[in-house]
Amino acid sequence: AKAAGGNRYELADADSNARVIARHSLTNGLPAALERGEFFIEYQPLVRLADGTVRGAEALVRWLHPTHGVLGPDQFIPLAEDTGLIVPLGRWVLEQAARQARDWRDAAGGDGDRLRVNVNLSPCQLSHPSLVSDTVAVLEDAGLCPSALCLEVTENDLIGADEDALRPLRQLADLGVDIALDDFGTGYSNLSYLRRLPVSTLKLDRSFTRGMQRAPIDPVDVKIVEGIVSLAHTLDLAVTVEGVETAVQAEYLRGLGCDTAQGWYYARPGPPERLHTLALADAS
Ligand code: C2E
Ligand code: CA
Ligand code: CA
Ligand code: CA
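Quick caveat: nothing in here was measured; it's all calculated off a predicted structure. (Residues numbered from 1 in each chain as written. Chains lettered and ligands numbered in written order. Predicted model: local features only at pLDDT ≥ 70, side-chain atom pairs only at ≥ 80, totals over all residues. Heavy atoms only, no water.)

Engineer: For this particular structure, what's the right way to read the coordination of the calcium ion (ligand 2)?
Structural biologist: Ideal values differ by geometry: the angle at a metal is 109.5 degrees with four tetrahedral donors, but 90 or 180 degrees with six octahedral donors. At 2.1 to 2.3 Å from the calcium ion (ligand 2) lie its protein donor atoms, namely Glu58 (OE), Asn120 (OD1), Glu152 (OE) and Asp182 (OD). For the calcium ion (ligand 2), all donor residues lie on one chain, and their spacing in sequence is E-x61-N-x31-E-x29-D. Residue Glu152 is classed as buried on the basis of its relative accessible area of 1%. (Donors = N, O, S within 2.8 Å, 3.2 Å for Na, K, Ca; no water. Buried < 20%, exposed > 50% of the residue type's maximum accessible area, 1.4 Å probe, protein only.)

Engineer: I would appreciate a short explanation of the confidence of the model for the chain in the present structure.
Structural biologist: In regions of low pLDDT, the predicted coordinates are not meant to be interpreted in detail. On average, the chain scores 91 in pLDDT, and the residues at 70 or more come to 93%. Across residues 1-6, confidence stays below pLDDT 50; counting only partners more than four residues off in sequence or on other chains, it has zero contacts. Here the predicted complex scores 0.93 on pTM and 0.97 on ipTM. (pLDDT = per-residue confidence, 0-100. Contact = heavy atoms within 4.5 Å.)

Engineer: Would you take a moment to explain the packing of aromatic side chains for this structure?
Structural biologist: Aromatic ring pairs are described here by two measures, namely the spacing of the ring centres and the angle between the planes. Counted according to the given criterion, the structure contains five aromatic pairs. Where Phe39 meets Phe76, the ring centres are 5.4 Å apart and the plane angle is 50°; that geometry is what we call tilted. Placement of Phe39 in strand 1 (residues 39-48) and of Phe76 in helix 2 (residues 73-83) is noted, with a sequence separation of 37 residues between them. There is no split in this pair, since Phe39 and Phe76 are both buried. (Phe/Tyr/Trp six-rings, centres within 6.5 Å; stacked < 30°, edge-to-face > 60°. Helix = DSSP H or I, 4+ residues; strand = E, 2+ residues; numbered from the N terminus.)

Engineer: How should the side chain of Glu58 be read in this particular structure?
Structural biologist: On the secondary structure map, Glu58 appears in strand 2 (residues 54-65). A polar atom in the side chain of Glu58 sits 2.9 Å from the side chain of Lys203. Non-local contacts of Glu58, meaning those with residues more than four positions away in its chain, are made with Glu42, Tyr43, Gln44, Leu46, Asn118, Asn120, Glu152, Lys203 and Gln262. (Polar contact = N/O pair within 3.5 Å; in protein donor to acceptor, adjacent residues only side chain to side chain.)

Engineer: What is the right way to read empty space enclosed by the protein from this model?
Structural biologist: Empty space among the atoms becomes apparent when a probe as large as a water molecule is rolled across them. Across all of its chains, the model carries one cavity of 30 Å³ or more by this definition. For the largest cavity, the lining is made up of 13 residues, of which Val87, Arg91, Gln125, Leu131 and Asp134 are closest to its centre. Within the lining of the largest cavity, the residues separate by chemical class into six nonpolar, five polar and two charged. (1 Å grid on protein atoms, 1.4 Å probe; cavity = no way out; pocket = protein on both sides within 12 Å on 5 of 7 lines; lining within 4 Å. Points joined across faces, edges and corners; volume = space filled by probe spheres on them. Nonpolar A, V, L, I, M, F, W, Y, C, P; charged D, E, K, R; others polar.)

Engineer: Help me understand helix 3 (residues 86-108) in this model?
Structural biologist: In an α-helix there are 3.6 residues to a turn, and that puts residues three or four apart on one side. End to end, helix 3 covers 32 Å across 23 residues, agreeing with the expected 33 Å (1.5 Å per residue, within 8%). Of the positions making up helix 3, those classed as buried are Ile86, Leu89, Gly90, Val93, Leu94, Ala97, Ala98, Gln100, Ala101, Trp104, Arg105 and Ala108. Trailing helix 3 by a residue or two, Gly109 shows a phi angle of about 60°, which is positive. (Expected span 1.5 Å × (residues − 1).)

Engineer: Teacher, can you tell me more about the nonpolar core here?
Structural biologist: The nonpolar side chains of soluble globular proteins are, as a tendency, buried together. Counting 76 residues, the largest nonpolar core has Phe76, Leu151, Leu158, Leu181, Val225 and Val241 as the members making the most contacts within it. The dominant element in this core, judged by the number of residues it contributes, is helix 3, at nine residues. Among all residues touching Leu158, those that are not within four sequence positions of it are Leu126, Val153, Leu166, Leu169, Leu181, Tyr193 and Leu197. (Core = buried A, V, L, I, M, F, W, Y, C linked by side-chain atoms within 4.5 Å.)

Engineer: What is the right way to read the site of ligand 1 from this model?
Structural biologist: In the neighbourhood of ligand 1, 21 residues make up the surrounding shell, with Gln44, Arg62, Ser122, Glu245 and Trp264 lying closest. Residue Glu58 places a side-chain N or O atom 3.2 Å away from an oxygen atom belonging to ligand 1. The separation between an oxygen atom of ligand 1 and a polar side-chain atom of Asp182 is 3.0 Å. Elements represented by at least two residues in the shell around ligand 1 include exactly strand 2, helix 2 and strand 6 (178-184). Per-element tally for the shell around ligand 1: the top contributor is strand 2, with four residues. In terms of residue class, the shell around ligand 1 is made up of eight nonpolar, five polar and eight charged. (Near = heavy atom within 4 Å.)

Engineer: Before we go on, may I ask you to explain the environment of Pro272 in this structure?
Structural biologist: One can find Pro272 in the loop between strand 9 (260-261) and helix 11 (273-283). With relative accessibility at 15%, the residue Pro272 sits in the buried group. The sequence separation of Pro272 and Gln100 amounts to 172 residues, and the corresponding C-alpha distance is 7.3 Å. Excluding anything up to four places from it in sequence, Pro272 contacts Ile41, Tyr43, Gln100 and Trp104.

Engineer: Looking at this structure, I do not really get the pairing of strand 6. What am I missing?
Structural biologist: Moving residue by residue along a regular strand, the side chains alternate between the two faces of the sheet. Burial analysis of strand 6 places six of its seven residues in the buried class, which makes it a mostly covered element. Bridge count for strand 5 (residues 149-154) against strand 6 is five bridges, and the pairing is parallel. For Glu152, the partnering residue across the bridge sits in strand 6 and is Ala180. The pairing of strand 6 with strand 7 (residues 201-204) spans three bridges and is parallel. (Pairing = 2+ DSSP bridges.)

Take a look at the structure:
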């Protein structure tokens, strides 16, 4: 038993060494990957629950690694944050997404005005001195109006932020950029704090809607979502729900007054062209 235990220990150790090495080589490869154009963006539609129309899409970055294949953001965003590469990478994502949104709107003609693009912001980007000027420059270059952009910041990144730290977000919000509080409900922000934030949308974390995927529906989850929606609407905030995977869930969440939904039930993240098809289908 002792030998087996020892073996297991060795295995775990070798495994964690391999992870450290993999982490190093991925981290070292990030700058060249950005130069070589190995990153790409998938877009996941956001759907208005009241009538099922496509409101826009969230930009989700991926890395087509030459030897490991497609890596998801959870595998490299933390590394990019540790090394500061997240700032140029995040700017690249913003540029691509803004141009893409411009294309969708042009293609949809007059009906395109409702199409928006959501872009995730890392805490390093939030505290970067050129966030506001960079964002404004990107919007101008792309010819996209500020209200067609939604920046997603997580609740945890804003917890404890004082007025100085919030100023850039407030400036962007004043320009018309929509700010969404991502992963809402997973942090510890107290509710009165919400009123001080320059946010217009709460993105309710997937963990709250999991209990509504299929019968029997979790009554506690229903109560919680009901409470959050009523609070949000009192504060004039829209509610987006993430991780909607079934028709049952979509119907429940619509009934509870959620405004917008995102999830595999509607579409998995995919190439930008697909949004053309979805949004144009709505417009006709
Ligand atoms: P997130 O912002 O919470 O994005 C939603 C995640 O849920 C995405 O994972 C999406 O693919 C996944 N998802 C969507 N619908 C469903 C569903 O119905 N069921 C389930 N189980 N999952 C669903 P993804 O693409 O792996 O992204 C993970 C996280 O990486 C994102 O979480 C976001 O925090 C971060 N991320 C992605 N792109 C960027 C970026 O450009 N910049 C930064 N800073 N972070 C990014
Ligand atoms: Ca997000
Ligand atoms: Ca989220
Ligand atoms: Ca998340």
